[in-house]
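# A structural walkthrough
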Amino acid sequence: MALARKAPGFYRHGHEWFCNASLPSDITIEVDDILFHLHKFPLMSKCGRIARLLKESSAITEDAFHVKLVGCPGGPDSFFVTVKFCYGLRVELTPKNVAMVYCVSDYLEMTEEYGEDNLLAMSESYFHKTVLRNWNDCILALRSLDSVIAEADTLKIIEKSLNALSMMACTDPSLFGWPMMMYGTLQSPGGSILWNGINTGARIRSTQSDWWFEDVSYLNVQLFERLIKTMRLRGTRSENLVGVVMHYAQKYLPGLCRWRAIKGSKGQSVNALKSLAVVDQRFLLESIVKLLPQKKGKSFCCFLLGLLRVGMILGVSQSCQDILERRIGSQLQLATLDSLLIPNYSDSDNLYDTDCVERIIRYFLMAGPGSALSPSSFILDESPSSDPLRTVTKLVDNYLAEIAPDVNLKLGKMKSLAEALPDSLRSLDDGLYRAVDIYFKAHPWLSENEKEKLCNSVNCQKLSIEACVHASQNDRLPLRFILQVLFFEQLQLKTAISNCLPVLDVENAPTAVVSSTNEMTSQILQRGGWVTVVRENQVLRVDMDRMKSRVGELEQEFATIRQKIRRVANKLSVSALSSPRLTSWRLGCKTSAQSKNGKLNITEPMGPNSRTSQEQPHTPHPRHQKSFSLF
C-alpha cells in the first residue's frame with residue numbers, strides 16, 4: 001500500500017517514455033514518433049478522447065492497445081503535461097504554457113464529465129482570470145502560440161488576447177500597475193514610489209503613448225498584423241498605429257536603418273542585406289505596407305522611401321512597389337534629397353534608379369494638391385498650393401544636379417527627367433540650368449546637336465540675370481543657346497528699365513502712372529520722411545546707371561556678332577556651293593534690315609547648327625572672354 005501512495009515518476013530512454021510504477025504498462029500512445037508506455041485507468045478517468053478510442057477497440061486483441069494521436073497540439077511536450085496531470089502530479093500553469101495546455105486538454109476532451117477540476121476547466125479559468133487581465137502575461141501567452149496557432153484560433157484564445165491588448169494599449173498604463181502612480185505625493189525625492197509613507201523601491205513607469213511599442217514587437221508578423229487590425233477597429237489613433245508599425249519594421253528589417261551608412265558602397269550593401277535576410281522578410285515588408293494607415297509627414301515619407309529601397313533589394317512584388325511609389329508621390333514635397341537618391345540594384349549601369357523617381361514624380365502630378373492638377377493650378381503666384389509645387393520643383397532640380405555627374409546616365413534619361421515636371425511649375429529655371437551644366441561637364445563627348453536637345457528643356461526667359469551672365473560665358477553650352485540667352489537677357493534689362501523710368505521721370509509719365517507714383521511717394525513720406533526718400537532715390541539712380549551700362553555693353557556685343565555674321569554671309573555668297581536659303585540654314589538665324597532707329601531686329605531664333613570657327617582678328621569684350629566664332 002505504501003508503494004501505491006507514492007507518486008509515480010517518469011523517465012525517458014531514447015524516443016520512449018516509461019512510468020516507474022509497480023504495475024506494468026498496458027497501453028502505448030504514440031505522439032510524433034515518441035512512445036509513451038502508460039496505464040489505461042489514469043488516462044481513461046481524465047481523457048474522454050482516449051476512453052472513447054479504447055472502448056472502440058475493446059473487441060480487438062491486446063496488441064490493439066497501441067493508440068496513435070494524430071495532430072496533438074503542442075506535440076509530445078504538451079501531451080506529457082497532461083500525462084502528469086492524469087497521474088496526479090502537480091501541474092503549474094504559467095502564461096507561457098497555459099495556451100498550449102488549454103489546446104491539448106481540449107483536444108483530449110478533459111472536461112468536467114471525466115472528473116472534477118479537470119485540466120480543461122483549470123487552464124480556461126487561469127487564462128480568463130489571470131492572463132487576460134495582465135499586459136505582460138497576454139504578450140507571453142501570444143508568443144507561445146507558434147506550435148498551436150490553429151487550435152488557439154479555434155478556441156478564440158488569439159481573439160480574446162488581442163482584444164485585451166488593444167483595450168489596454170488605448171488606456172492609461174498607470175491603471176494596470178500597483179500602486180496607483182497618478183498622484184505626485186506618492187513619489188519620493190529619489191524618484192521611487194511611496195506607499196503609506198514607505199519607500200517601495202519601485203520606479204514610476206513612463207506614461208508616453210509609445211510605451212507598448214517594444215512589447216508588441218515580439219509577436220510574429222501574423223499576430224502583429226491581426227493586432228493592428230483589431231486596434232484600428234477599436235479606434236486607436238492613427239499616429240500610434242503608424243508609430244508601432246514603423247518600430248516593428250525597423251526592428252526586423254535591418255537594411256531600413258542602415259541605408260544611410262552604406263549609401264556609398266552599392267554592391268557591398270546589397271550583399272550585406274541579403275546575408276541578413278531571412279525567408280519571410282519579403283512577406284514581412286509586404287505585410288507592413290498593407291498595415292500602414294493613410295498619413296503624411298516628413299519622417300513618414302522618408303520611412304516609405306526606406307521601405308521602397310529595402311523592397312527593391314528583397315524583390316517584393318510589383319503591386320507592393322507600386323503602392324509605395326504612389327504613397328511617396330502623394331507627399332513628394334516632404335521627401336529629402338538624401339532619401340530620394342535610391343541606388344540602382346538592377347543590372348543597369350546607372351548609379352541611381354531614375355526610372356523609379358520618374359514614376360514617383362508622375363504620381364505626384366496625378367495626385368495633385370487637393371485635386372487633379374489643372375493648368376491653372378500650376379500658377380505659382382496665385383495658387384494656394386504653391387508651396388508644395390515650389391518645394392517639389394526645387395527637390396527635382398537638386399536631384400538632377402546630384403545624378404548629372406554619373407557618366408553612365410544617358411542623354412535621353414536626363415532629358416526625360418528634366419521634362420518630368422511641366423514648365424509652368426518653375427518660376428525660375430536656374431536650378432535646371434545648373435543641372436544641365438553639370439551634365440555637360442561630366443559628358444564632354446556630347447555633340448553640339450545633343451547638347452541643343454537637352455538645352456531645349458531650359459526656358460531662357462526664366463533665367464535670372466546671374467544665370468544669364470554665367471551662361472553667356474559658358475564654353476560648354478551650344479552657341480545657339482548662348483545667343484538666345486543674350487537676347488532674352490537684353491529684353492529683361494530693357495523691361496526692368498522701362499518699369500523704373502516712370503518712377504524717375506514723373507513729369508513725362510502718363511496720368512495713371514503719375515497718380516500711382518504720388519501714392520507711393522506719400523506712403524514713403526509717412527514711413528521715414530524726406531531722408532528716406534533721398535536715400536531710396538540715390539539707390540535707384542545707381543541701379544539705373546548699372547542697368548544702362550549693361551544694356552550698352554550688350555548692344556556692342558550684338559553689333560560685333562552682327563558684323564561677324566555679315567562677313568560669313570559674304571564669304572558664303574561667293575562660294576558656288578551656297579545659296580541664300582542654305583546660308584540662312586547654316587547660320588541658324590536670319591537678320592532683317594535695320595529699323596529706323598538703327599537697332600538689330602531678330603525675327604527668328606537660331607536653328608540647330610554646330611559651332612564653327614573663323615580665324616578673324618577681333619577684340620573680345622572684357623566682360624565676356626568667350627569667342628563667338630561661327631565657322
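All residue numbers refer to positions counted from 1 along the written sequence of the respective chain. Totals for whole chains, interfaces and linings use all residues, but because this is a predicted model, local features are given only for residues with pLDDT of at least 70 and pairs of side-chain atoms are given and counted only at 80 or more. Each side-chain value is worked out from all heavy atoms of the structure, with water and hydrogens disregarded.

Note the following rule: UniProt positions are given in the numbering used here, feature names are shortened, and annotations may be inferred rather than shown by experiment.
In the nomenclature of an unreviewed UniProt entry, the protein is known as NPH3 domain-containing protein of Aristolochia fimbriata. Within the UniProt record for the protein, the comment given under Sequence similarities (unreviewed entry) is "Belongs to the NPH3 family." Among the UniProt annotations of the protein, the heading Pathway (unreviewed entry) holds the following wording: "Protein modification; protein ubiquitination."

## Re unusual backbone geometry
Counted only if it meets this: Strands are runs of DSSP state E lasting at least 2 residues, helices are runs of H or I lasting at least 4, and numbering of each runs from the N terminus.
Residue aspartate 32 is not a glycine yet carries a positive backbone phi of 55 degrees. Locating aspartate 32 in the fold gives a position in the loop between strand S3 (27-31) and strand S4 (34-38). For lysine 156, which is not glycine, the phi dihedral falls at a positive 60 degrees. Locating lysine 156 in the fold gives a position in the loop between helix H8 (149-154) and helix H9 (157-169).

## Here's the deal with the confidence of the model for the protein
How we decide: What pLDDT conveys is the predictor's confidence in a given residue, as a value from 0 to 100. Whether two residues are in contact is decided by their heavy atoms, any of which lying within 4.5 Å being enough.
The predicted model of the protein averages 75 in pLDDT, with 68% of residues at 70 or higher. Confidence over residues 177-194 falls short of pLDDT 50; this stretch has 37 contacts with residues more than four positions distant or in other chains. Segment residues 576-631 is flagged for pLDDT under 50; beyond a separation of four residues in sequence, or across chains, it makes 94 contacts in the model.

## Focus on the environment of arginine 362
Definition in use: Only protein chains enter the area calculation, which uses a 1.4 Å probe; residues under 20% of their type maximum are buried, those over 50% are exposed, and those in between are partly exposed.
Among the secondary structure elements, arginine 362 is positioned in helix H19 (residues 354-367). Owing to a relative accessible area of 41%, arginine 362 belongs among the partly exposed residues under this scheme.

## Thoughts on the pattern of salt bridges
As a reminder of what qualifies: Any carboxyl oxygen of Asp or Glu within 4 Å of a side-chain nitrogen of Lys or Arg constitutes a salt bridge here.
Tallying each qualifying case throughout the model produces 12 salt bridges. Between lysine 229 and glutamate 225 there is a salt bridge whose closest N-O contact spans 3.4 Å. Residue lysine 229 and its partner glutamate 225 are both found in helix H11 (residues 221-233); the two are separated by 4 residues, about one turn of the helix. When its relative accessible area of 44% is taken as the criterion, lysine 229 is described as partly exposed. With its nearest N and O atoms 3.2 Å apart, the salt bridge here joins glutamate 358 to lysine 413. Linking glutamate 358 in helix H19 with lysine 413 in helix H21 (residues 411-418), this pair joins segments that are 55 residues apart in sequence.

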